[in-house]
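# Coordinate analysis (summary)
Now for the letters of each chain:
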Amino acid sequence: MKTMTPAEARAKIREGAITCPTTGMCPGYAQGNLVVLPKELAWDFLLFCQRNPKACPLLEVADAGSRTFAQFGAGSDIARDIPKYRIYENGVLTRETTDVSEYFDDPSRQLVSFLIGCSFSFESDLLEAGVPVRQIEEGVNVPMYNTNIPCQSAGVFSGNMVVSMRPIPHALVPAAVAITAQMPRVHGMPVHIGCPEAIGITDIAHPDYGDAVTIREGETPVFWPCGVTPQAVVMHSRPPFVITHAPGHMFITDVPNAVLKL
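For the structure given in this document, a descriptive report is provided here. (Residues numbered from 1 in each chain as written. Predicted model: local features only at pLDDT ≥ 70, side-chain atom pairs only at ≥ 80, totals over all residues. Heavy atoms only, no water.)

Turning our eyes to something else, we now look at the overall build of the chain. Across its full length, the chain carries seven helices and 11 strands. Looking at the 262 residues of the chain, the share that counts as buried comes to 56%. Of the contacts made within the chain by residues no fewer than 6 positions apart, 78% connect residues no fewer than 24 positions apart. Each charge sign in the chain was given a centre, from 19 positive and 26 negative side chains, and these centres are 2 Å apart. (Helix = DSSP H or I, 4+ residues; strand = E, 2+ residues; numbered from the N terminus. Buried < 20%, exposed > 50% of the residue type's maximum accessible area, 1.4 Å probe, protein only. Contact = heavy atoms within 4.5 Å. Lys, Arg positive; Asp, Glu negative; His and termini not counted. Charge placed at Lys NZ, Arg CZ, Asp CG, Glu CD.)

Here we take up the packing of aromatic side chains. The geometry of an aromatic ring pair comes down to the distance between the two centres and the angle between the two planes. Counting across every chain of the model gives eight aromatic pairs. Arranged with centres 5.5 Å apart and planes meeting at 75 degrees, the rings of Phe-45 and Phe-157 form a pair that is edge-to-face. Here the residue Phe-45 occupies a position in helix α2 (residues 39–51), and Phe-157 occupies one in the loop between β6 (144–150) and β7 (160–169), the gap between them amounting to 112 residues. Comparing Phe-45 with Phe-157, the two get one shared label, buried. A centroid spacing of 5.4 Å and a plane angle of 40 degrees characterise the contact between Tyr-103 and Phe-241, whose relative ring orientation is tilted. Placement of Tyr-103 in helix α3 (residues 101–105) and of Phe-241 in strand β10 (residues 241–245) is noted, with a sequence separation of 138 residues between them. (Phe/Tyr/Trp six-rings, centres within 6.5 Å; stacked < 30°, edge-to-face > 60°.)

A word on the side chain of Thr-253. Along the polypeptide, Thr-253 turns up in strand β11 (residues 251–256). On the basis of relative accessible area, Thr-253 is assigned to the buried category, the value being 0%. Here Ala-30 takes part through its backbone oxygen, which lies 2.8 Å from a polar atom of the side chain of Thr-253. A distance of 3.1 Å separates the side chain of Thr-253 from the backbone nitrogen of Val-255, its partner in a polar contact. Beyond its immediate stretch of four places on either side in the chain, Thr-253 contacts Pro-6, Arg-10, Tyr-29, Ala-30, Gln-31, Gly-32, Phe-72 and Leu-115. (Polar contact = N/O pair within 3.5 Å; in protein donor to acceptor, adjacent residues only side chain to side chain.)

Our next topic: the environment of Gly-117. Within the secondary structure layout, Gly-117 lies in strand β5 (residues 111–117). Taking C-alpha positions, Gly-117 is 19 Å from Ser-153, a pair spaced 36 residues apart along the chain. The contact partners of Gly-117, leaving out residues within four places of it in the chain, are Gln-31, Asn-33, Pro-57, Leu-59, Arg-185, Val-186 and His-187.

Oppositely charged side chains are able to pair whenever their charged atoms sit close together. For the structure on display, the rule yields 16 salt bridges. With a shortest N-O distance of 3.9 Å, Asp-81 and Arg-10 are connected by a salt bridge. Of the two residues, Asp-81 sits in the loop between β2 (58–61) and β3 (85–89) while Arg-10 sits in helix α1 (residues 6–14), which places them 71 residues apart along the sequence. Residue classification places Arg-10 among the buried positions, given a relative accessible area of 3%. The salt bridge partner of Asp-254 is Arg-10, with a shortest N-O separation of 2.9 Å. Here Asp-254, found in strand β11, pairs with Arg-10, found in helix α1; they are 244 residues apart in sequence, far enough to count as distant. (Salt bridge = Lys/Arg side-chain N within 4 Å of Asp/Glu carboxyl O.)

So this is what it looks like as C-alpha cells:
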C-alpha cells in the first residue's frame, strides 16, 4: 500500500479492497478529511472553516452536486473513494458505510463537499527526520480526543476542538514542532504539549476516537488540531444531515505534501 500511487489507492478503496484507516498510505502525498453538507448549510460551514483554520484548514470545496475534488484528486469519486463514511442526522450518528452514492444521487439533495487538511500528511516528514509516529509503528489508528478548547462559532456551527495525539521523545519535541509548523494547511504546529488535563482530556489511555497507543518512558504526549473537529461540532450543533469520513479513514489526494509547505 505504501508503494501505490494515490489514484491506485483510491481505486482499491472504491472497489472495497481497502477498508482500513489510511495512516501511512501513499507517503509523501496529502490526505484530507471530508465534510458533505446540503447546499443551504455550506456557507455557514465555509465561515466556520475560515474562522477555525487550525482545526479546519480548507483545501478544496467541490461544486454543488459534484462528486469530484478536481484540484486535489482528478477523476476521484467523493462518494466512494474513502474507506468508511459516517452519516449524521440531527447530530446523531445513524450509519457507517463504504459508499454514499445514494445520497449524492438523490434528486432532493444538492450536496457540497469540503476537503479539509489532515495531520496524516505531515507524518512522512516526521519519520524522515527520525521522529517516531507511534500509530504507524503499532499498526493502529491515531488516538483522537475531545477537548475544552472552544472553536469560533459560525452560523449554526459551534463546538470544541478535537485533537490527535502522538507521543514524542522529549528531545525530539522541538523538531516535531518545527516540521509541522511548516504545514499549516494540514493543521500545522501542535496546539498543546504535555498535561492532557489542561485541555480537558481526563483519560489519555481511552481516546474518544481512534486507538490508544503506547507512551514510553521519556516521551511526552503532543497534541495537534484534528479534522475530526467537524464531527464533534456536528454532534453539538445538530444540523439535519451531514456526511463525514470515519475517523482515520481519509481521502488520499494527488497533491504532494511539499506543495502544502510554507
